[in-house]
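Chain by chain, the residues run as shown.
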Amino acid sequence: MTTATKNKKSQKSSVILDYLRPNKGMPSVWCAGCGNGIVMTAIIRAVDNLGLSKDEVVMASGIGCSSRMPMYLDFSALHTTHGRSLAFATGVKFARPELKVIDITGDGDALAIGGNHFIHACRRNIDITAILINNNIYGMTGGQGSPTTPSGAFSTTTPYGNSEKHFDPCSLAKAAGASFVARTTVYHATQMDTIIQKAISHRGFSLVEVISNCHTYYGRLNRMGDAVAMLNDFKNRAVPLAKSKKMTEEEMVGKFAIGVLHQEEKTEFCDVYQSVVDKVKGGK
Amino acid sequence: MSDSGTGDQTKAEAGKKNKYDYTNGPPPLEINMKWCKACNICIALCPKEVFEPNRDGKPIIARPENCTQCTICWVHCPDLAITSNYK
Ligand code: SF4
Ligand code: SF4
Ligand code: SF4
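Quick look at the structure, then.

Conventions adopted
- Residues numbered from 1 in each chain as written.
- Chains lettered and ligands numbered in written order.
- Predicted model: local features only at pLDDT ≥ 70, side-chain atom pairs only at ≥ 80, totals over all residues.
- Heavy atoms only, no water.
- Near = heavy atom within 4 Å.
- Nonpolar A, V, L, I, M, F, W, Y, C, P; charged D, E, K, R; others polar.
- Contact = heavy atoms within 4.5 Å.
- Buried area = accessible area lost by both parts, 1.4 Å probe.
- Salt bridge = Lys/Arg side-chain N within 4 Å of Asp/Glu carboxyl O.
- Polar contact = N/O pair within 3.5 Å; in protein donor to acceptor, adjacent residues only side chain to side chain.
- Helix = DSSP H or I, 4+ residues; strand = E, 2+ residues; numbered from the N terminus.
- Buried < 20%, exposed > 50% of the residue type's maximum accessible area, 1.4 Å probe, protein only.
- Pairing = 2+ DSSP bridges.
- Right-handed = clockwise from strand over helix to strand, strands pointing away.
- Arc of directions from axis to C-beta.
- Core = buried A, V, L, I, M, F, W, Y, C linked by side-chain atoms within 4.5 Å.

Okay, the site of ligand 1 next. Every residue lining ligand 1 is accounted for by W30, C31, C34, C65, N135, G139, C214, T216 and Y217 of chain A. Each residue belonging to the shell around ligand 1 can be placed in one class, and the counts come to six nonpolar, three polar and no charged.

Dropping the structure here:
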């Protein structure tokens, strides 16, 4: 963890409190132990490490438990309609390319309701950092199955086990054209800071999938225990990318790779558009 | 990049001797009991068993002298309820 932490300021652990909106709703609405809070503090540390001011960061979110996050953080915030946060974020980035736009979304929000916005944001490779908190279920609305609910897993809409196949958001994003794709878990909270820092610094569309715990629904319905048990489960199932490449498919059953899965240099949407504008204006 | 997460950190920290001495100083951590939701994460993940749950399940600093400031409890607290007095 060297490259991304180079511009690190001297960081006190209490720095997280400086980024909260004054008098706004802490403690959060999230259940005790919900991974959303762990992601929130990791984002704060990443933004602080990069030395960004609060006004330089815009946070957009849709609907869902995770999408409550912009209400607690003292950045410019957009709390939008279900699944459409990336469309709003695209508008913000397009109008003010100098801002850092972070999109907070969940598995249902990004991949079901907002599936189209998601793939087209990837396709355009617009410089937005999408943080997809994947807890495999719709938490806020009562535990319905989402596009990432694994085959066979239980939810309130799949009481006999899910018969559908599930999406892998990282493969989807890579195939759709995203130029930075990474996965981590709420257990790996310090790795998460570094990955989010890299994602924010990367020019182009970045997806960070954070495997998170919804012990209230997913954990309870699938008998995975409380928040601590789910965090330890992520610890056991996560395999660092380099190690996962040496493992066979059978060994990887039930496990997943973490780390930066894909990164490439690619033309970014705002840059391309600006060059078109310059060309047209110059040609007058 | 290094892919080692806090898992490896846990093991490394557990074997380390404590260079912090809190005998005359303040307790190593500050816990905001108003924000804490008693999720048990800090109590369970601390490699040095610094915390004990009180009767509500919220952490009390039972063994401050064991704390190595390893960061594990405060990076995993979902409710921003733990901050360090030293880091
Ligand atoms: S329902 Fe699930 S995702 Fe929503 S706050 Fe509770 S634990 Fe978190
Ligand atoms: S910093 Fe937290 S987790 Fe680490 S030893 Fe101290 S109390 Fe335990
Ligand atoms: S991790 Fe935070 S919220 Fe959970 S018990 Fe510890 S202090 Fe309380």
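Each partner contributes residues to the interface: chain B has 31 residues there, and chain A has 40 residues. Both sides of the chain B and chain A interface together cover about 2700 Å² of buried area, and 65% of this is carbon and sulfur. Where chain B meets chain A, there are zero salt bridges. On the surface where chain B and chain A come into contact, there are six residue pairs in polar contact (both at pLDDT 80 or more). Elements that contribute at least two residues to the side of chain B that touches chain A include exactly helix 1 (6–14), helix 2 (41–45), helix 3 (72–76) and strand 4 (82–84) of chain B. Of all the elements, helix 1 of chain B adds the most residues to the side of chain B that touches chain A, at four residues.

Let us look at the pairing of strand 3 (residues 100–106) of chain A. All names here are of chain A. Within strand 3, six of the seven residues are buried, which leaves the element mostly enclosed by the surrounding structure. Sheet topology note: the strand 3/strand 4 (residues 128–134) ladder contains six bridges and is parallel. Opposite I102, over in strand 4, you have T129 as the bridge partner.

The next subject is the side chain of T90 of chain A. Relative to the elements of secondary structure, T90 of chain A occurs in helix 3 (residues 85–95). On the accessibility criterion, T90 of chain A (12% relative accessible area) is buried.

A few words on the pairing of strand 8 (residues 206–211) of chain A. All names here are of chain A. When you tally the buried positions in strand 8, you get six out of six residues, the bulk of the element. Of the pairings in the sheet, the one linking strand 7 (residues 180–185) to strand 8 comprises six bridges and is parallel in character. Within the sheet, the bridge partner assigned to T184 lies in strand 8 and is V210. Handedness of the crossover is the feature at issue here: the chain leaves strand 7, passes through helix 7 (residues 189–201), returns alongside strand 8, and the resulting connection is right-handed.

Attention now moves to the site of ligand 2. Residue and element names in this part refer to chain B. Residues in close proximity to ligand 2 total 14 residues, the closest being L29, C46, C67, C70 and C73. The greatest single-element share of the shell around ligand 2, amounting to three residues, is contributed by helix 3. Its residues assigned to classes, the shell around ligand 2 comprises 10 nonpolar, three polar and one charged.

Attention now moves to helix 6 (residues 169–176) of chain A. An α-helix turns once per 3.6 residues; consequently, residues spaced three or four apart project the same way. Residues and elements named next belong to chain A. When we look at burial in helix 6, the residues that qualify are P169, C170 and A173. Buried residues in helix 6, looked at end-on, bunch into an arc of 100 degrees, giving them a common side. Where helix 6 is buried, its residues touch helix 4 (107–113), helix 5 (115–124), strand 4, strand 7, strand 8 and strand 10 (256–263). For helix 6, the N-terminal capping position is held by D168, with its side-chain oxygen 3.0 Å away from the main-chain nitrogen of C170. Downstream of helix 6 by a residue or two, G177 has a phi angle that is positive, lying close to 120 degrees.

I43, M69 and I131 of chain A together with F51 of chain B are the most contacted members of the largest nonpolar core, which totals 76 residues. Sort the elements by how many residues they give to this core and helix 2 (residues 35–49) of chain A lands first, with eight residues. If we skip the residues at most four places from it in the chain, F51 of chain B touches L29, I31, C42, I43, C46, P59, I60, I61, A62, R63, C73 and I82 of chain B.

Here the focus is the side chain of N134 of chain A. Residue and element names in this part refer to chain A. As for its position among the elements, N134 is in strand 4. Of note is the side chain of N134, whose polar atom sits 2.9 Å from the side chain of T148. Aside from chain neighbours lying at most four places away, what touches N134 is D107, T148, P169, E209, V210, I211 and S212.

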